[in-house]
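# Architecture and fold: a report
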Amino acid sequence: MKNLFDVNGKVIVITGASRGIGRAIAECFVDLGAKVYGTGSKESSIEWMKGTDITGYAADCCVDGEIQSVLQSIHQKEGKIDVLINNAGIASNTPASRMKDDEVNRIVETNYISLFRSCQAYYKLQKNVGGNIINFASVLGLIGSPLAGVYSGTKGAVIALSKALAIEWVRNDFRVNTICPGLVETDMTAMITDKPLVKDQVQAAIPMKRMGLPEDLLGATVLLASDASRYMTGTSIIVDGGMTAQ
Ligand SMILES: NC(=O)c1ccc[n+]([C@@H]2O[C@H](COP(=O)([O-])OP(=O)(O)OC[C@H]3O[C@@H](n4cnc5c(N)ncnc54)[C@H](OP(=O)(O)O)[C@@H]3O)[C@@H](O)[C@H]2O)c1
C-alpha cells in the first residue's frame, strides 16, 4: 500500500520557520523529502538555513507586499506550491487594561492580517490547480486565559477565517485547515519556562503533565500536508496534551 502520509517532492512553504515550531516543521519536511522554503522576519533569522536543505527568505509579514513577493518568487521557480503553512506569530503577556494601541496593532497585524494576505496571495497563484493551507492558531483561540486577550482574539479569528476560506475556495480544490497547539516550549513561552515554579504550576494543570515540544506538532502537520487528510477541510486539530478536554 502507498504511504498515505507521503510528502516526498511536495513544495512546502512555512512562514516563521526560523525558530520554534516552524523550524521543527521545516526540518521534519526536509527529512521526509519535501522541497522546503522557510521564512523569518529578517536576514539574520534565516542565516542558519544556509548550507541546509531549507531555502530561506526574509520577509517581515507586517510589511504589505513582502510575503506576497516571496510566494510569487517560489511559485515562479518551482511552478507550484503544494502546501502553505502560515505559522509566523507573536504573543504578549500585557494585561488587557494596560495594552496600548501599538501593541494591539502589532499582534493583529502579525497574527491575523498578514496571515490573510498570505492565504490570498497563495490562492491567486494556485487558483486554477488547487492548494493546501495550514494555519497555526492556538487553543487560546478556543478557551479563555488571563493575559492573552488580544492574542486569543487573533487566534479565534484565524480559526473562523480558515473555515470561511475553506468553504469559499473549496470549488477551486483548496483545503484550509487549522492547528491549535496548547503550550509549547519555544521562545514564545519563555515567560513560563524561564521561571521553574511557574513552569511547574503550568505543567501540573495539563492532563499529560508537561508542556508540548515543537516536535509534538509534527504528526498533525504531516497529516494535514499529505493526502491522508484529503477529505479534511475547514477543521481544526488540537494538539495540547489534553488541556482543552478538561
Ligand atoms: N509556543 C506556544 O506555546 C504556542 C501555542 C499555541 C500557538 N502557537 C502558535 O504557533 C506559531 C509558532 O509559535 P512559536 O512558539 O514557534 O513562536 P516563536 O518561537 O516565537 O517563533 C515565532 C516565529 O514567527 C516569526 N515572526 C514573528 N513575527 C514576524 C514577522 N513580523 N514577520 C515574519 N515572521 C515573524 C519569527 O521570525 P524571527 O525569528 O525572524 O523573529 C519566528 O520564526 C505561532 O503562530 C504561535 O502563535 C504557539
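See above for the structure.
What this report covers is the structure whose coordinates are included nearby. (Residues numbered from 1 in each chain as written. Predicted model: local features only at pLDDT ≥ 70, side-chain atom pairs only at ≥ 80, totals over all residues. Heavy atoms only, no water.)

Disulfide: a covalent bond connecting the sulfur atoms of a pair of cysteines. Per the counting criterion, the structure on display carries zero disulfides. Residue Cys 28 stays outside any disulfide, its sulfur separated by 19 Å from that of Cys 180, the closest cysteine. Overall, Cys 28 belongs to the buried group, its relative accessible area being 13%. As a non-bridged cysteine, Cys 62 has Cys 61 as the owner of its nearest cysteine sulfur, 4.8 Å distant. (Disulfide = S-S within 2.5 Å. Buried < 20%, exposed > 50% of the residue type's maximum accessible area, 1.4 Å probe, protein only.)

Along strand β2 (residues 35–40), five of the six residues are buried, which leaves the element largely enclosed by surrounding structure. The sheet contact formed by strand β1 (residues 11–14) and β2 spans four bridges and is parallel. Bridge pairing in β2 places Ile 14 opposite Gly 38. For the handedness criterion, the β-α-β arrangement of β1, helix α1 (residues 20–31) and β2 is classed as right-handed. Sheet analysis places β2 next to strand β3 (residues 54–58), joined by five bridges and oriented parallel. Among the inter-strand pairings, Thr 39 is bridged to a residue of β3, identified as Tyr 57. (Helix = DSSP H or I, 4+ residues; strand = E, 2+ residues; numbered from the N terminus. Pairing = 2+ DSSP bridges. Right-handed = clockwise from strand over helix to strand, strands pointing away.)

Our focus in this paragraph is the pattern of salt bridges. For the structure shown, the criterion picks out 10 salt bridges. The shortest N-O distance in the salt bridge between Glu 27 and Arg 23 comes to 3.0 Å. With a gap of four residues between them, Glu 27 and Arg 23 both fall in helix α1, about one helical turn apart. Arg 23 gets classed as partly exposed once you look at its relative accessible area, which sits at 30%. Between Lys 50 and Glu 47 there is a salt bridge, and its shortest N-O distance comes to 3.4 Å. What makes Lys 50 exposed here is its relative accessible area of 59%. Look at Glu 47 and you get partly exposed, because its relative accessible area is 44%. Several salt bridges share partner residues, and in doing so they unite Asp 64, Glu 109 and Arg 117 into one network. (Salt bridge = Lys/Arg side-chain N within 4 Å of Asp/Glu carboxyl O.)

Before going further, it helps to examine the packing of aromatic side chains. Scanning all chains against the criterion turns up five aromatic pairs. Seen in terms of ring centroids, Tyr 123 and Trp 169 are 4.2 Å apart; in terms of plane orientation they differ by 10°. Their pairing is stacked. Linking Tyr 123 in helix α4 (residues 101–126) with Trp 169 in the loop between α5 (149–168) and β6 (174–181), this pair joins segments that are 46 residues apart in sequence. Of the residues examined, Tyr 123 reaches a relative accessible area of 16% and is grouped as buried. Note on Trp 169 and Phe 174: the rings are 5.7 Å apart at their centroids and 65° apart in plane angle, and the pair reads as edge-to-face. On the accessibility criterion, Phe 174 (1% relative accessible area) is buried. Ring-pair connections join several aromatic residues into one group, and the members of that group are Tyr 122, Tyr 123, Trp 169 and Phe 174. Stacked on the ring of Trp 48, the Lys or Arg Arg 23 has its end atom at 3.6 Å from the ring centre. (Phe/Tyr/Trp six-rings, centres within 6.5 Å; stacked < 30°, edge-to-face > 60°. Lys NZ or Arg CZ within 6 Å of the ring centre and 35° of its normal.)

We now examine the environment of Gly 89. Relative to the helices and strands, Gly 89 is located in the loop between β4 (83–86) and α4. Residues Gly 89 and Val 13 lie 76 residues apart in sequence; the distance between their C-alpha atoms is 15 Å. Contacts of Gly 89, omitting those with residues within four sequence positions, involve Thr 110, Asn 111 and Met 188. (Contact = heavy atoms within 4.5 Å.)

On the surface, Met 1, Leu 4 and Phe 5 cluster together into a nonpolar patch covering about 390 Å² of accessible area. On the secondary structure map, Phe 5 appears in the segment before β1. By relative accessible area, which is 40% here, Phe 5 ends up partly exposed. (Patch = residues over 30% accessible without salt bridge, like charges linked within 9 Å, V, L, I, M, F, W, Y side chains within 5 Å. Areas by Shrake-Rupley, 256 points an atom, 1.4 Å probe, with all protein chains shown as cover.)

What follows concerns α1. When the terminal C-alpha atoms of α1 are compared, their 17 Å separation across 12 residues agrees well with the 16 Å that a helix rising 1.5 Å per residue should span. Residues Ile 21, Gly 22, Ala 24, Ile 25, Ala 26, Cys 28 and Phe 29 constitute the buried set of α1. Gly 33, located one to two residues past α1, shows a positive phi value of around 90°. (Expected span 1.5 Å × (residues − 1).)

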